[in-house]
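Chain by chain, the residues run as shown.
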There are 2 protein chains.
Amino acid sequence: MAEAHSLELLVQALRKLPGVGVKSAQRMAFHLLQHDRQGALQLATALQHACKHVGHCLLCHTFTEEEICPTCRDPRRDRSLLCVLENPADQAALERTGAYKGLYFVLMGKLSPLDGVGPKEIGMHKLLERVDTLVDGVREVREVILATNFTAEGETTSHVISQALKARGVQVTRLARGVPVGSELEYVDLGTIAHALVDRR
Amino acid sequence: MAEAHSLELLVQALRKLPGVGVKSAQRMAFHLLQHDRQGALQLATALQHACKHVGHCLLCHTFTEEEICPTCRDPRRDRSLLCVLENPADQAALERTGAYKGLYFVLMGKLSPLDGVGPKEIGMHKLLERVDTLVDGVREVREVILATNFTAEGETTSHVISQALKARGVQVTRLARGVPVGSELEYVDLGTIAHALVDRR
Ligand SMILES: [Zn+2]
Ligand SMILES: [Zn+2]
């Protein structure tokens, strides 16, 4: 009875997507096969292409198809400001405000000891190296703006990074608490983010 | 600035999935690229494989990789009973009860004139042909059990099919209303479905 074998494999594969249970996966599979096979094939190609071509920027760790991402290469960005974020979605939210012209360091995660995510996994070492880089004998980065999410784990991450940077004499600021506590940056309206950026403390 | 081009295409492609908005699609893309590239590639392969191999059973219209699905070929099934359902998920729910041993006809949809889904789109013609098939001079199908969902569209679909079949002198029953009105079969507990099957009217 290996009847809908391909179908079962598809349902199982769709369950790899975050937030997708078995019922949703079934609905997705049926929908694609019944109404949108072209969309299904486009998705397959997009997955393969992204897996092959998307890597991490050597400087800021965000997703990019090049060694150094366009933001890090942009000569118009203020290289004395470095904003530390949890993930590319948060970075995109900050970019959309148009209120920030510095550079980024994307942790691609947050400290979560219970899940085995420690300082090494979020690239703490690389961040410190980056901040310690000298240009003409002085630190290029003058200020690090901590913009991790205002959740318990985001605050912990922010605190740990802050301690390490302050020990090196680096100026560290945090997005102002205009951002509602308990929420995640990518879901906050642009005005609030822009305001919080101006009021950073 | 064609930076995360592959990434944007992936986010767009993920939005083809039913119920997935731009934020969910971004989260899915980031998750796959950051934590599960193997899962992403498996999903790509599963999509391509299913699109290539999964078709519809010539007899019951459900998804299958063969001309005639294993259920329709199974000599132990009671060929005098034909259960009409909206989709393979509902069929799977009914199969899981173990309370039904007849055959199926899967509409792969429901009547929805506003969306351009009429009798032709749900295979009404094929259903009538199927019911009219004679074996040794008599109809093989003795009873058609309507098991469309108990929603407005499901009831309409059931009513229209019922009228057409009764006009041909075929015995038509409907799942008993043990199934809560307004709900969809695939979300109903097995016991309720089994009960509704016994009490069909
Ligand atoms: Zn970069
Ligand atoms: Zn079949």
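This structure is a prediction, so every number in the text was calculated from the model and none was measured.

S.K.: Please clarify how the coordination of the zinc ion (ligand 1) should be interpreted in this entry.
M.R.: Put simply, a metal with four donors set out as a tetrahedron has ideal angles of 109.5 degrees, and one with six donors set out as an octahedron has ideal angles of 90 or 180 degrees. Residues and elements named next belong to chain A. Donor atoms from the polypeptide that coordinate the zinc ion (ligand 1) comprise Cys57 (SG), Cys60 (SG), Cys69 (SG) and Cys72 (SG), at 2.3 Å from the metal. Summarised as a motif, the one-chain spacing of the donors to the zinc ion (ligand 1) is C-x2-C-x8-C-x2-C. Under the relative-accessibility criterion, Cys69 is labelled buried at 0%.

S.K.: When you look at the sheet that holds strand S3 (residues 78-85) of chain A in this model, what are you seeing that I'm missing?
M.R.: Pairing between the strands of a sheet is mediated by backbone hydrogen bonds and can be parallel or antiparallel. All names here are of chain A. Pairing is parallel across the open sheet formed by four strands, whose spatial order is S4-S3-S7-S8. Lying at the two open borders of the sheet, with one neighbouring strand each, are strand S4 (102-106) and strand S8 (171-174). Taking each pair of neighbouring strands and ignoring which way they run, the sheet shows an average axis angle of 25 degrees. In this structure, S3 lies alongside strand S7 (residues 143-146), joined through four bridges in parallel fashion. Looking at S7, one finds that Leu81 is bridged to Glu143. Seen against the sheet, helix H5 (residues 88-97) touches S3 and S4 and runs at an angle of roughly 160 degrees to S4. Against the sheet, helix H7 (residues 152-166) engages S3, S7 and S8, with an angle of about 165 degrees to S8.

S.K.: Can you help me understand the relation of the copies chain B and chain A in this one?
M.R.: A rotation about some axis, followed by a shift along it, carries one copy of the chain onto the other. It takes a turn of 180 degrees to lay chain B on chain A, together with a shift of 0.0 Å along the axis; the resulting RMSD is 0.1 Å. Here the copies are linked by what is in effect a two-fold axis. Taking the C-alpha atom as reference, chain B places B:Ala44 closest to the rotation axis, 2.0 Å from it. The share of interface residues of chain B whose copies in chain A are also at the interface is 100%, consistent with both copies meeting through the same surface.

S.K.: Explanation requested: the packing of H5(A) against helix H8 (residues 190-198) of chain A in the structure shown.
M.R.: Packed helices, taken two at a time, are described by the angle their axes make and the gap between the axes. All names here are of chain A. Viewed as axis vectors pointing N to C, H5 and H8 meet at an angle of 85 degrees, and their least axial separation amounts to 9 Å. Considering the angle they form, H5 stands roughly perpendicular to H8. Here Ala93, Leu94, Arg96 and Thr97 of H5 come into contact with H8, specifically with Leu190, Ile193, Ala194 and Leu197.

S.K.: Looking at this structure, how should I read the packing of aromatic side chains?
M.R.: The relation between two aromatic rings is expressed through the spacing of the ring centres and the mutual angle of the planes. Taken as a whole and assessed by the stated rule, the structure comprises four aromatic pairs over all chains. Taken together, a centroid distance of 5.7 Å and an interplanar angle of 25 degrees make the contact between A:Phe30 and B:Phe63 stacked. In this pair, A:Phe30 sits in helix H2 (residues 22-35) while B:Phe63 sits in strand S2 (residues 63-64), so the two residues belong to two different chains. Just as A:Phe30 is buried, B:Phe63 falls in that class too.

S.K.: Is there a simple way to think about helix H6 (residues 124-132) of chain A in this case?
M.R.: Side chains of residues three or four places apart in an α-helix project in the same direction, reflecting 3.6 residues per turn. Residues and elements named next belong to chain A. Looking at H6, one finds that the buried residues are Met124, Leu127, Leu128, Arg130 and Val131. Along H6, the residues classed as buried sweep out an arc of 160 degrees about the axis, all on the same side. Buried residues along H6 sit in contact with S3, S4, strand S6 (138-139), S7 and H7.

S.K.: Sorry, what's going on with helix H3 (residues 37-53) of chain A here?
M.R.: All names here are of chain A. End to end, H3 covers 24 Å across 17 residues, agreeing with the expected 24 Å (1.5 Å per residue, within 8%). Those residues of H3 not exposed but buried are Gly39, Ala40, Leu43, Ala44, Ala46, Leu47, Ala50 and Cys51. In a view along the axis of H3, the buried residues occupy a sector of 165 degrees, so they form one face of it. The exposed set on the far side of H3, more than 90 degrees from its buried face, consists of Gln38 and Lys52.

S.K.: Can you help me understand the coordination of the zinc ion (ligand 2) in this one?
M.R.: Residue and element names in this part refer to chain B. The protein atoms that coordinate the zinc ion (ligand 2) are Cys57 (SG), Cys60 (SG), Cys69 (SG) and Cys72 (SG), at distances spanning 2.3 Å. Around the zinc ion (ligand 2), the four donor atoms are arranged such that angles at the metal cover 105 to 117 degrees; this shape is classified as tetrahedral. In primary sequence terms, the donor set of the zinc ion (ligand 2) follows C-x2-C-x8-C-x2-C.

S.K.: Would you mind going over the interface of chain B and chain A with me for this structure?
M.R.: Frequently, the measure chosen for interface size is the accessible area that the parts lose on association. Between chain B and chain A, the contact holds 51 residues from the first and 51 residues from the second. Counting the surface lost from both chain B and chain A, the interface buries some 5,100 Å², and carbon and sulfur atoms represent 64% of this. Of the charged contacts, one joins A:Glu186 and B:Arg27 as a salt bridge, the two residues approaching to 3.2 Å between their closest N and O atoms. Counting every contact that joins chain B to chain A gives 21 residue pairs in polar contact (both at pLDDT 80 or more). Listing elements by their share of the side of chain B that touches chain A, those giving two or more residues are helix H1 (5-14), helix H2 (22-35), helix H3 (37-53), strand S1 (55-56) and helix H5 (88-97) of chain B. In terms of residue count, the dominant contributor to the side of chain B that touches chain A is H3(B) (14 residues). A per-class count over the side of chain B that touches chain A returns 29 nonpolar, 12 polar and 10 charged.

S.K.: What is the right way to read the UniProt feature "zinc finger region: C4-type" (unreviewed entry) in chain A from this model?
M.R.: In the numbering used here, UniProt assigns the "zinc finger region: C4-type" (unreviewed entry) feature to residues 57-72 of chain A. Secondary structure content for residues 57-72 of chain A is 19% helix and 12% strand, while the C-alpha to C-alpha distance between its ends is 8 Å.

S.K.: What should I look at first to understand the side chain of B:Arg130 in this one?
M.R.: All names here are of chain B. Within the secondary structure, Arg130 is located in helix H6 (residues 124-132). For the buried Arg130, no salt bridge is present, and the opposite-charge side chain at shortest range is Glu140, 5.8 Å distant. There is a polar contact of 3.1 Å between the side chain of Arg130 and the backbone oxygen of Leu59.

S.K.: Help me understand the side chain of B:Ser6, please; the structure alone is not making it clear to me.
M.R.: Tracing the backbone through its elements, the reader meets B:Ser6 in helix H1. Since its relative accessible area comes to 2%, B:Ser6 is described here as buried. Once residues within four sequence positions are removed from consideration, B:Ser6 is found in contact with A:His49, A:Ala50, A:His53, A:Val54 and A:Glu65.

Here is what the cut-offs are and how they apply
Residues numbered from 1 in each chain as written. Chains lettered and ligands numbered in written order. Predicted model: local features only at pLDDT ≥ 70, side-chain atom pairs only at ≥ 80, totals over all residues. Heavy atoms only, no water. Donors = N, O, S within 2.8 Å, 3.2 Å for Na, K, Ca; no water. Buried < 20%, exposed > 50% of the residue type's maximum accessible area, 1.4 Å probe, protein only. Pairing = 2+ DSSP bridges. Helix = DSSP H or I, 4+ residues; strand = E, 2+ residues; numbered from the N terminus. Axes fitted to C-alpha atoms, helices over the stretch in contact; angles between N-to-C directions. Contact = heavy atoms within 4.5 Å. Least-squares fit on C-alpha atoms with pLDDT ≥ 70 in both. Parallel < 35°, antiparallel > 145°, perpendicular 65-115°, else oblique. Phe/Tyr/Trp six-rings, centres within 6.5 Å; stacked < 30°, edge-to-face > 60°. Arc of directions from axis to C-beta. Expected span 1.5 Å × (residues − 1). Tetrahedral: all angles 85-135°; square planar, octahedral: opposite > 155°, others 65-115°. Buried area = accessible area lost by both parts, 1.4 Å probe. Salt bridge = Lys/Arg side-chain N within 4 Å of Asp/Glu carboxyl O. Polar contact = N/O pair within 3.5 Å; in protein donor to acceptor, adjacent residues only side chain to side chain. Nonpolar A, V, L, I, M, F, W, Y, C, P; charged D, E, K, R; others polar. UniProt positions renumbered as here; feature names shortened; annotations may be inferred. Lys, Arg positive; Asp, Glu negative; His and termini not counted.

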